[in-house]
Amino acid sequence: MIKRLIFLLAPLAPLAILPAGAAAHDIAIVMHGGAGTIERGDMTPQMEAKYRATMTRALKTGYAELKKGSPSLDACVAAIEVLENSPLFNAGKGAVFTHNGQVELDAAVMRGKDLRAGGVAAVQHVANPIALARLVMEKTPHVLLVGQGATDFAITQGIDLVPQSYFFTQRRWDALQKQLKEDRKKSRPEGIPGTEKNAFGTVGCAALDKGGNLAAGTSTGGLTNKRFGRVGDSPLIGDGVYADNETFAGSGTGVGEFYIRLNLLKDISDLMAYKGWSLEKAANYEVNEKLVKFAGKGTGGMIGLDRNGNIVMPFNTPGMYRGYINTDGKLVIRIYADE
């Protein structure tokens, strides 16, 4: 009798097994490497290939975390650290210089399931500020630590500090010198960012995990020639980073002062929550209408992802380093506006 029962049930067993890779269709990741004056004529094929390769590696690193079932925040931090460790992007290793020739880094993370968040600002000796921002969220009752206080906290968490020389890249230094020369020529007040191509930029990521939870992170060196001590939108929740399972997760890139005044990412979430707008409609309105009306074209962009896996990447600059792996597992990398 027992043998016959096993025989009868055996043909049904395969129905309970998901096809290989089926869970991957519930996950997605999107990221940016900064918006700005990014034009084909200014980029050699070799440099473009480096940007695309690093963005691809970062996306695959984050996606691998999602595939193995890690939380979306793990994916965001892992992906952003790849960009922070690259001299190509204005975050971590490749950060721009302040007016006085220093590097000051900002970063933040946010988790959509409980709105927990953490950030750091104006840190000078932490190679991966995105990891420190996460520790602020997980190990303190606070949301934002700045300057020396953030550095002291990093030491208590066992993070090895790096000298300012770690962040030096010749092209960022040359960009500062060009800005300082413009300051002198035009008698501009010190610490006022000019119009140098790629004078601003940020890196950021948003992810959706197998549990349906959203998270986001942003990391930046800020603006070339910024006044020392200046803090932009990146470490400020609702301005440069936001995540809420009920709406979306996203990261901004651009001139942070405008994002702060508009509370831009929280505004996108509110339009979705209170007006019932789609992520696409809300994001395009904020970036290509409201931001443009308030600050003019060429002021930035953002990436976002909602709980259904819908992805947006609007920007009003000539280009934005951006890419995603969607719920179908398709990987896309783009740089220019006409892609």
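Cut-offs used in this document
Residues numbered from 1 in each chain as written. Predicted model: local features only at pLDDT ≥ 70, side-chain atom pairs only at ≥ 80, totals over all residues. Heavy atoms only, no water. Helix = DSSP H or I, 4+ residues; strand = E, 2+ residues; numbered from the N terminus. Buried < 20%, exposed > 50% of the residue type's maximum accessible area, 1.4 Å probe, protein only. Contact = heavy atoms within 4.5 Å. Pairing = 2+ DSSP bridges. Axes fitted to C-alpha atoms, helices over the stretch in contact; angles between N-to-C directions.

(A) Expanded view of the overall build of the protein chain. Assigned secondary structure in the protein chain consists of nine helices and 12 strands. Here the protein chain, with 339 residues, has 55% of them falling under the buried criterion. Put simply, of all contacts in the protein chain between residues at least 6 apart along the chain, 68% involve residues at least 24 apart.

(B) Looking closely at the sheet that holds strand S7 (residues 241-243). The sheet built from four strands is open, its strands ordered S7-S8-S9-S10 with antiparallel pairing. Of all the strands in the sheet, the pair left with one neighbour each is S7 and strand S10 (311-312). Pairing of strand S9 (residues 300-306) with S10, which is carried by two bridges, proceeds in the antiparallel orientation. Across the sheet, residue leucine 305 finds its bridge partner in S10, namely isoleucine 311. In the packing of helix H9 (residues 279-295) onto the sheet, the strands contacted are strand S8 (248-254), S9 and S10, and the crossing angle to S9 comes to about 170°.

(C) Unusual backbone geometry, seen in detail. A positive phi angle is found at alanine 122, which is not glycine, with a value near 55°. Alanine 122 sits in the buried class, given a relative accessible area of 16%. One non-glycine residue, asparagine 225, lies in the positive phi region at around 70°. On the secondary structure map, asparagine 225 appears in the loop between strand S6 (214-220) and S7.

(D) Representation of the pairing of strand S12 (residues 331-336) within the structure. Here five bridges tie strand S11 (residues 319-325) to S12, and the two strands are oriented antiparallel to one another. Note that in S12 the partner of arginine 322 across the bridge is arginine 334. Where S11 hands over to S12, the hairpin turn is made up of five residues, of which glycine 329 adopts a positive phi near 80°.

(E) Spatial organisation of the sheet that holds strand S5 (residues 203-208). Reading across from one edge, S4-S3-S2-S6-S5-S1-S11-S12 is the order of the eight strands in this open sheet, with mixed pairing throughout. A strand with exactly one partner marks an edge of an open sheet, and here the two such strands are strand S4 (144-146) and S12. Taken pair by pair, the neighbouring strands of this sheet meet at an average axis angle of 5°, ignoring direction. As paired elements, strand S2 (residues 105-111) and S6 share six bridges and run antiparallel to each other. Counted as the bridge partner of arginine 111 is alanine 215 from S6. In the packing of helix H4 (residues 129-139) onto the sheet, contacts are made with S2, strand S3 (117-123), S4 and S6, and the angle to S3 comes to roughly 130°.

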